[in-house]
Amino acid sequence: MARVMPCLAWPRPSRALLQNEALAGITVALMVIPQGVAYAALAGMPLVTGVYAALWPALVAVLFSSSQRLSVGPTALTSLLVGASLAPLAVAGSDDWVAMAVWLTLLSGGIQILIGAGRFGWLLRLVNSPVLTGFTQGAAILIAISQLPSLLGFTGRTIPQVLQGGPPPDWTALGFGLGSMVVLWAGKRWLPRFPTTMALVAGAAALSWVLSYALLGGAVVGALPSGLPSLYWPGGVSLSTLGTLLLPALTITLVSFLETASSAKIDNARAGTLWNENQDLIGQGLAKVASGLTGAFPTSSSFSRSAITLYAGAKTGWSTLFSVVVVAIALLWLMPLLYHVPQAVLAAVVMTAIIGLIKPRSFAVLWRVSRVEGGIAFATFALTIATAPSIYWGVLGGLLASLANYMYRHLHPRIIEVGLHGDGSLRDRHLWHLPPLAPNLYALRMDAELDFASGGTLERAIAEQLAARPGLTDVCLFAQPINRIDITGAEVFGSIRRLLESKGVRLHLSGLKLPAQQVLDRAGLLAPGPLFCSYRTDAEALSALSRPA
């Protein structure tokens, strides 16, 4: 049962433990409530659904996930993906929009549950760091741009509308927005444990009420319904609509998994445990289903809130239970207090969270390490920006580019002619200007598996040497780097052996590993012969090759 519900393995709570967990949980709850409202606006959803997304989903996730200290709830990237995916399909905040957002949530949650239950979590590792970097940077910039009008006093207008001119900005909103960013930055810089976000929202609401900002026509949060969320079912949709939502749901699954991975790896490393990615997929998927059935949008693990949980000293999932209780109390009795909160403050909350994701230097670092992968990261970034609002094409385009690079490298393995270096190692003979190991010998090494992708390249390299060096009498394949041989690779090896035997050239095979040896043995390709020699170690092969024929 503990494998199905990891919460059953939590330690028995003591008074000291609960005090520590309560502090961490309350701190996170005071952060997630205003963030949830802000992220709901980003997703185009009713604002209260952002708080709903921090209630039952967080509880379900902590009960069924293996990573106990992750803060599950609304996040900026998943909220942006919801808003971007539904923008061409419905009017933001409408009943159709909410219904499709819930279907998007249920689809994404179902996909995660299936992947986790089937132990296919490794599939999601296909999205590598350059693709994630490019997408995150592009999405962060799009989020920041979307919040600029509200932050600068142009609430309710888009960037093109602002550029076309019109009414001047709301200077009060501008003051709320920029002032909030300063407060949030200062709190993060000097009081990281203090719930600055909640304190800011409370102070801004009080100031807005004193100034009668709402009565003067200012853009505020407005009335939010009180009470716990009730069961919501989005109703039936056509197969064509579900097909349209499937691609965004897959993208949300990928992004959500990567957000979870970044936090879970740190959590498990500090706890000294191994990360059970499949169980976390199940827990996160169930959390999404819980979010959808309460009329909210997809949830994920928040890196910033999870970091605060760890920083506050949480040891177990009990901290999340305290956080859920605080969120429930807020939904039951405190929602009216958010009425006067200026929307510019919500924009500042989103903007401050997003600024930490914008790291232009990451492209330079990737470019310095690998120009190809740096190029993939920048291409993903550009595609994410260019395809907005359908930004999921950025992830998919980057994924295809990354897989194409992976296949290209496997189709073009590194094959070198080796020579004996002064330190006793076998290195690239031409690069290090080394003499041949023996006269009329072609000694080579392939740094790859011998499979359908690399086999043709190996066969071509040997054939080219036979054509270029008519006096060749020996070929030695140093096979230590070859970890695996598939059927195609075995066929290629057999073809190489027959080719060399037809030319009267001896084939030497050195350092073949057991898994690869077993494949060739079963294929009958290692049978002794006058023109075939096999050596267990490279030292043995070098000794044999150095002896006169």
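This write-up is about the structure you can find in this document. These numbers come from a predicted model, not from an experiment.

What follows concerns the pairing of strand β8 (residues 532-535). Examined bridge by bridge, strand β7 (residues 506-510) and β8 share four bridges and lie parallel to one another. Across the sheet, L509 pairs through a bridge with S534, a residue of β8. Regarding topology, helix α20 (residues 514-522) serves as the crossover connection from β7 to the parallel β8, and that connection is right-handed.

Enumeration according to the criterion identifies eight aromatic pairs in this entry. Members of the aromatic cluster, connected to one another through ring pairs, are F363, F378 and F381. The residue whose ring lies beneath R427 is W432, and the NZ or CZ to ring-centre distance is 4.8 Å. The ring centre of F532 lies 4.2 Å from the NZ or CZ of R497, which sits over that ring.

Next up on the list: empty space enclosed by the protein. Over the atoms a probe the size of a water molecule is rolled, and this reveals where empty space is left. Here the structure, examined in full by the defined rule, presents three cavities of 30 Å³ or more. Looking at the largest cavity, it is lined by 14 residues, and the ones nearest its centre are V28, S71, V72, T320 and S323. Secondary structure elements with two or more residues in the lining of the largest cavity: α1 (15-42) and α13 (318-334). Sort the elements by how many residues they give to the lining of the largest cavity and α1 lands first, with four residues. Taken together, the residues that form the lining of the largest cavity break down as seven nonpolar, six polar and one charged.

An order of β4-β3-β5-β6-β7-β8 is seen for the six strands of this open sheet, with the pairing classed as mixed. On the outer flanks of this sheet lie β4 (426-428) and β8, each paired with one strand and no other. Geometrically, the sheet is characterised by an average inter-axis angle of 30° between neighbouring strands, direction not taken into account. Pairing analysis gives three bridges linking strand β3 (residues 415-420) to strand β5 (residues 441-446), with the strands arranged antiparallel. In the strand pairing of β5, E417 is matched with L444. Most of the contacts of helix α19 (residues 487-502) go to β7, to which it runs at about 145°, and overall it touches β6 (474-478), β7 and β8.

A few words now on α20. Within α20, burial applies to A516, Q517, V519 and L520. Each buried residue of α20 sits inside an arc of 160° when the element is viewed along its axis, so together they form one side. Turned more than 90 degrees off the buried face of α20, the exposed positions are L514 and R522. Looking at the buried residues of α20, the elements they touch are α19. Downstream of α20 by one or two residues, G524 has phi in the positive range, about 70°.

In the segment running from A388 into P389, the intervening peptide bond is cis, with an omega of 10°. Summarising the element assignment, P389 is placed in the loop between α16 (371-386) and α17 (392-411). Not every positive phi belongs to a glycine, and R119 is a case in point at roughly 60°. Relative to the elements of secondary structure, R119 occurs in the loop between α5 (95-117) and α6 (129-151). Accessibility expressed as a relative area gives 46% for R119, which makes it partly exposed. Unlike most non-glycine residues, H433 shows phi in positive territory, near 55°. Structurally, H433 can be placed in the loop between β4 and β5.

With that settled, the discussion passes to the nonpolar core. Counting residues in each nonpolar core, the largest one holds 94 residues, and the members touching the most others are V82, I143, V327, L331, M335 and V341. Examining the composition of this core, we find that 10 residues originate from one element, α5, more than from any other. Leave out the neighbours within four places in its chain, and L331 touches V48, V51, Y52, L55, S226, G227, L228 and P229. Core analysis: the next-biggest nonpolar cluster, separate from the first, contains 29 residues, L458, A461, V475 and V519 among them.

What follows is about the layout of surface pockets. Of the voids in this model, the largest pocket is the one considered here, and its volume is about 1300 Å³. Lining the largest pocket are 45 residues, with F303, S304, A353, G356 and L357 sitting closest to its centre. Sorting the residues of the lining of the largest pocket by element identifies α1, α4 (76-86), α6, α8 (171-190), α9 (196-210), α10 (239-271), α12 (303-311) and α14 (343-355) as the ones contributing at least two each. Of the residues contributing to the lining of the largest pocket, the split by class is 23 nonpolar, 18 polar and four charged. Taken as a whole, the second largest pocket holds about 850 Å³ of empty space. Among the elements of the structure, α1, α4, α6, α7 (159-163) and α14 are those that each provide at least two residues to the lining of the second largest pocket. Residue contributions to the lining of the second largest pocket peak at six residues, all from α6. When its residues are assigned to classes, the lining of the second largest pocket shows 22 nonpolar, nine polar and one charged.

A cluster of nonpolar side chains, W56, L228, V325, I329, L332, W333, L334 and L337, forms an exposed patch at the surface whose accessible area comes to about 760 Å². The element that contributes the greatest number of residues to the nonpolar patch is α13, accounting for five residues. If you trace the backbone, V325 turns up in helix α13.

Definitions and cut-offs
- Residues numbered from 1 in each chain as written.
- Predicted model: local features only at pLDDT ≥ 70, side-chain atom pairs only at ≥ 80, totals over all residues.
- Heavy atoms only, no water.
- Pairing = 2+ DSSP bridges.
- Helix = DSSP H or I, 4+ residues; strand = E, 2+ residues; numbered from the N terminus.
- Right-handed = clockwise from strand over helix to strand, strands pointing away.
- Phe/Tyr/Trp six-rings, centres within 6.5 Å; stacked < 30°, edge-to-face > 60°.
- Lys NZ or Arg CZ within 6 Å of the ring centre and 35° of its normal.
- 1 Å grid on protein atoms, 1.4 Å probe; cavity = no way out; pocket = protein on both sides within 12 Å on 5 of 7 lines; lining within 4 Å.
- Points joined across faces, edges and corners; volume = space filled by probe spheres on them.
- Nonpolar A, V, L, I, M, F, W, Y, C, P; charged D, E, K, R; others polar.
- Axes fitted to C-alpha atoms, helices over the stretch in contact; angles between N-to-C directions.
- Contact = heavy atoms within 4.5 Å.
- Buried < 20%, exposed > 50% of the residue type's maximum accessible area, 1.4 Å probe, protein only.
- Arc of directions from axis to C-beta.
- Core = buried A, V, L, I, M, F, W, Y, C linked by side-chain atoms within 4.5 Å.
- Patch = residues over 30% accessible without salt bridge, like charges linked within 9 Å, V, L, I, M, F, W, Y side chains within 5 Å.
- Areas by Shrake-Rupley, 256 points an atom, 1.4 Å probe, with all protein chains shown as cover.
- Salt bridge = Lys/Arg side-chain N within 4 Å of Asp/Glu carboxyl O.

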